[in-house]
Amino acid sequence: MTLKLGTIGTNWITQMFVEAAHITGEYALSAVYSRHSDSGAAFADKFETEATVYTDLNEFFNSGIDVVYIASPNGLHFAQAAEALKAGVEVIVEKSAFDNTKQYEAIYTLMRENNVHVFEAARHIQQANFKAIAKKIGEMEHISGATFVYEKYSSRFDAYLAGENPNVLNREFSAGALADLGVYPLYAAIALFGMPKSSHYFATLLNNDTDGRGTAILRYADFDVTLIFGKGANSYLQSEILGYRDTIIIDNIAELEEVIYDDGQGSRTVISTPAPANPMVEEARLFAAIINEPVANEARYNELLLTSQRVNAVLTNLRKDAGVVFPSDPA
Ligand SMILES: NC(=O)c1ccc[n+]([C@@H]2O[C@H](COP(=O)([O-])OP(=O)(O)OC[C@H]3O[C@@H](n4cnc5c(N)ncnc54)[C@H](OP(=O)(O)O)[C@@H]3O)[C@@H](O)[C@H]2O)c1
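Where an unreviewed UniProt entry is consulted, the protein appears under the name Putative dehydrogenase, with the organism given as Weissella soli.

Below is the structure:
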């Protein structure tokens, strides 16, 4: 069944997702929500499918859409997803999906009550090169540790330096380095190694009390995973998974363009394949398969949900550890 897709957010990432969804052949954009009818119309005009523009969320959710893709600022995800679930609409929500475990528990209840799914869009873990890393880890004799890095100067950082408070660097919108770029290395760690035994976050705060960069350490039974991420500087460090002698070397843990296996004895093998032009196609395809054939894909969905819940639990703990508070956090 072709899924009638609705979108929230008119920025470039929503365009990329709609293009990915159309590439799969499983979705057709049919409704666009925007706070402004002109920006909604300009967004809808980018695609060949006929989509109706809504500026009222309730009308949008009750317009007959099967699935909504939510790419609003993080702090709005919870309320928008909750409304979608109550209207019986399947939810794809951008990372980081929800602010804390309290929000996730409420979403889980609504999801079960309304018999629909919630998917967190974590595009990198569905990509072929991520699966190649997981496969290689399975073949390694031992894991000694890992370091995952994702630190990029944000296009909004100039505005911050000029005294503005852009959404993505503003904890009032549940944003910051960890909730934005930090999610990629965190997702990678949890998808590859499972739930850590403990986690710690050493954050550098901006002058609006939002974390601008930081280092998180995840402690597993036999090794640690160090996550380095930030939005106010450019890092060119690679990411690595260490065996004994052998090492997996990853150019970038979020973009995953080149992955090399070095056996520590003089031989290096490229284990990646060329990255897809649109990195959201794989996740869009998987979500459609689960929505269209929920019983056949129940185990895959449960795995996605468990990873998303674990990421949410560790995010909640890391922010608490660093004293980064969001407005929605329990007192
Ligand atoms: N997976 C990825 O690779 C990727 C990449 C980038 C971002 N993201 C995620 O996508 C989400 C959106 O990020 P973004 O940088 O695009 O955010 P953004 O530009 O701040 O906002 C996204 C959209 O939300 C609406 N919006 C903006 N400010 C708002 C406000 N104050 N109140 C209500 N609506 C508002 C706008 O749509 P209208 O003006 O049309 O209402 C805007 O197009 C985040 O969760 C982020 O983590 C994911």
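**A word on the packing of helix α8 (residues 178-193) against helix α10 (residues 298-322)**
Running from N to C, α8 and α10 point in directions that differ by 125°, and their axes come no closer than 10 Å. Comparing their axes, α10 and α8 come out oblique. Considering only the axes of α8 and α10, their crossing is right-handed. Within the contact between the two elements, α8 uses Leu 178, Val 183, Leu 186, Tyr 187, Ile 190 and Ala 191 and α10 uses Thr 307, Ser 308, Arg 310, Val 311, Val 314, Leu 315, Leu 318 and Arg 319. Broken down by class, the residue content of the contact of α8 with α10 amounts to 10 nonpolar, 2 polar and 2 charged.

**Focus on the sheet that holds strand β3 (residues 52-54)**
The strands making up a sheet associate through backbone hydrogen bonding, with each pair oriented either parallel or antiparallel. The 6 strands lie next to each other as β3-β2-β1-β4-β5-β6, forming an open sheet whose pairing is parallel. Bordering the open sheet on either side are β3 and β6 (118-121), each of which pairs with just one other strand. The average angle at which neighbouring strand axes cross in this sheet is 25°, direction not considered. The sheet contacts of helix α4 (residues 74-86) involve β1 (3-8), β4 (67-70), β5 (90-94) and β6, and relative to β5 the element is tilted by about 170°. Contacting β1, β2 (27-33), β4, β5 and β6, helix α9 (residues 281-292) runs over the sheet at an angle of about 175° to β6.

**Points about the sheet that holds strand β11 (residues 239-242)**
What the 8 strands build is an open sheet, ordered β8-β9-β10-β7-β11-β12-β13-β14; its pairing is mixed. Looking along the sheet, the strands with just one partner apiece sit at the ends: β8 (198-205) and β14 (268-270). Averaged over all pairs of adjacent strands, the angle between strand axes in this sheet comes to 15°, irrespective of strand direction. Pairing analysis gives 3 bridges linking strand β13 (residues 259-262) to β14, with the strands arranged antiparallel. Residue Ile 260 lies in a different strand from β14, and its bridge partner there is Val 270. Across the sheet, helix α6 (residues 128-139) lies against β11, β12 (247-250) and β13, angled at about 170° from β12, the strand it touches most. Set on the sheet, α10 makes contact with β8 and β9 (211-219); between it and β8 the angle comes to about 55°.

**What to know about the pattern of salt bridges**
Counted according to the given criterion, the structure contains 11 salt bridges. Of the charged contacts, one joins Lys 135 and Glu 139 as a salt bridge, the two residues approaching to 3.3 Å between their closest N and O atoms. Of the two residues, Lys 135 and Glu 139 both sit in helix α6, 4 residues apart, roughly one turn of that helix. Given the relative accessible area of 57%, Lys 135 is considered exposed. Owing to a relative accessible area of 48%, Glu 139 belongs among the partly exposed residues under this scheme. A cluster of three or more residues bridged by salt bridges with shared partners is formed by Lys 95, Asp 180 and Lys 231.

**Describing the UniProt feature "domain: GFO/IDH/MocA-like oxidoreductase" (unreviewed entry) in the protein**
Annotation from UniProt places "domain: GFO/IDH/MocA-like oxidoreductase" (unreviewed entry) at residues 135-235. Helix and strand shares over residues 135-235 are 26% and 31% respectively, and the end C-alpha atoms of the span are 27 Å apart.

Calculation criteria
Residues numbered from 1 in each chain as written. Predicted model: local features only at pLDDT ≥ 70, side-chain atom pairs only at ≥ 80, totals over all residues. Heavy atoms only, no water. Axes fitted to C-alpha atoms, helices over the stretch in contact; angles between N-to-C directions. Helix = DSSP H or I, 4+ residues; strand = E, 2+ residues; numbered from the N terminus. Parallel < 35°, antiparallel > 145°, perpendicular 65-115°, else oblique. Left-handed = near helix turned anticlockwise from the far one by under 90°. Contact = heavy atoms within 4.5 Å. Nonpolar A, V, L, I, M, F, W, Y, C, P; charged D, E, K, R; others polar. Pairing = 2+ DSSP bridges. Salt bridge = Lys/Arg side-chain N within 4 Å of Asp/Glu carboxyl O. Buried < 20%, exposed > 50% of the residue type's maximum accessible area, 1.4 Å probe, protein only. UniProt positions renumbered as here; feature names shortened; annotations may be inferred.

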